[in-house]
Amino acid sequence: MERAAVFDVDGTLVDTNHLHVTTWWEAFRQAGHHVPMHAVHRAVGLGSDDLVAHLLGEDRDKDQDEQLSAAHKALYGQYFDRLPPLRDAGRLLRRLDHEGWTVVLATSAGGAELSALRRAIGADDAIKATASADDVSEGKPAPEPVEHALELAGVPAERAVFVGDTVWDMQAGSRAGVRCVAVLCGGIPRADLVEAGAEAVYDDPAALLASLADSPFARLPSGQ
């Protein structure tokens with residue numbers, strides 16, 4: 001039977017979370033909002049609309065939302081040609097592909113941003129499909145991005161493992177009914193990730209790759 005390895009991208013495979021923090025902070029500053037960087041960091045992983053709502057509240061001037069998102073996109077776009085992959089991210093995806101897993105990305109990125117992230121990972125040969133922000137009506141922590149990734153893989157939830165770096169990832173994966181694995185390279189504390197549903201936590205893709213034989217991936221054998 002098929003098995004799916006579903007991966008978040010920002011902060012999980014590519015070291016971009018703090019770039020998002022800086023560029024969102026600057027976008028808010030330009031619009032006259034003083035949002036602490038630590039608050040922005042905790043919100044990274046949400047889609048743009050949800051991130052703005054989470055940080056500014058429902059009583060904000062919602063007419064500014066599109067302007068804020070556009071400013072962040074322009075600021076972050078300056079880094080598209082030099083986004084840094086996390087250690088062994090590409091090797092991890094290729095190893096899973098070689099072992100028969102269907103590798104699918106589930107990310108709030110889309111368009112040119114997603115293309116830049118995939119170039120950074122450099123493992124398009126191992127990635128079978130991508131569930132992007134362009135494909136779903138609700139982003140994480142709603143389960144829809146993970147559920148759509150499973151549809152693309154043609155695999156039921158019990159035959160999948162989802163890897164992410166934020167509380168939003170773990171909540172989305174748990175709600176979709178998949179096993180959840182977390183990495184610490186996005187900057188979120190281990191305890192928060194476990195509380196949100198992580199079955200196992202690793203430092204980064206390289207640590208997960210080194211421990212793959214003892215990870216939740218190994219507890220989902222191909223013949224099950």
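> Whenever I open this one, the pairing of strand β3 (residues 127–131) confuses me. Can you help?
Looking down a regular strand, the side chains alternate between one sheet face and the other. Judged by how many residues are buried, β3 sits mostly within the fold: 4 of 5 residues are covered. Pairing of strand β2 (residues 101–106) with β3 involves 4 bridges; the strand directions are parallel. Bridge pairing links V103 to I127 in β3. Tracing the backbone out of β2, into helix α6 (residues 111–121) and back to the parallel element β3 gives a crossover that is right-handed.

> I keep staring at the sheet that holds β2 and nothing clicks. Help me out?
Hydrogen bonds between backbone atoms are what pair the strands of a sheet, whose relative direction is either parallel or antiparallel. In space, the 6 strands of this open sheet follow the order β3-β2-β1-β4-β5-β6, with parallel pairing throughout. Of all strands in the sheet, those with a lone pairing partner are β3 and β6 (200–202), marking the two edges. Taking the axes of each pair of neighbouring strands and ignoring which way they run, one obtains an average angle of 25° across the sheet. Pairing between strand β5 (residues 179–183) and β6: 3 bridges, direction parallel. Each bridged residue has a counterpart across the sheet, and for V181 the counterpart in β6 is A200. Most of the contacts of helix α7 (residues 144–153) go to β3, to which it runs at about 145°, and overall it touches β1 (3–7), β2, β3 and β4 (160–164). Its contacts with the sheet put helix α8 (residues 167–176) on β4 and β5, and the angle it makes with β5 is roughly 170°.

> How should the environment of L96 be read in this particular structure?
Structurally, L96 is set in helix α5 (residues 89–98). Look at L96 and you get buried, because its relative accessible area is 0%. Between the C-alpha atom of L96 and that of D15, which follows or precedes it by 81 residues, the distance is 20 Å. When sequence neighbours within four positions are dropped, the list of residues in contact with L96 reads A5, F7, W101, V103, L212 and F217.

Conventions adopted
- Residues numbered from 1 in each chain as written.
- Predicted model: local features only at pLDDT ≥ 70, side-chain atom pairs only at ≥ 80, totals over all residues.
- Heavy atoms only, no water.
- Buried < 20%, exposed > 50% of the residue type's maximum accessible area, 1.4 Å probe, protein only.
- Helix = DSSP H or I, 4+ residues; strand = E, 2+ residues; numbered from the N terminus.
- Pairing = 2+ DSSP bridges.
- Right-handed = clockwise from strand over helix to strand, strands pointing away.
- Axes fitted to C-alpha atoms, helices over the stretch in contact; angles between N-to-C directions.
- Contact = heavy atoms within 4.5 Å.

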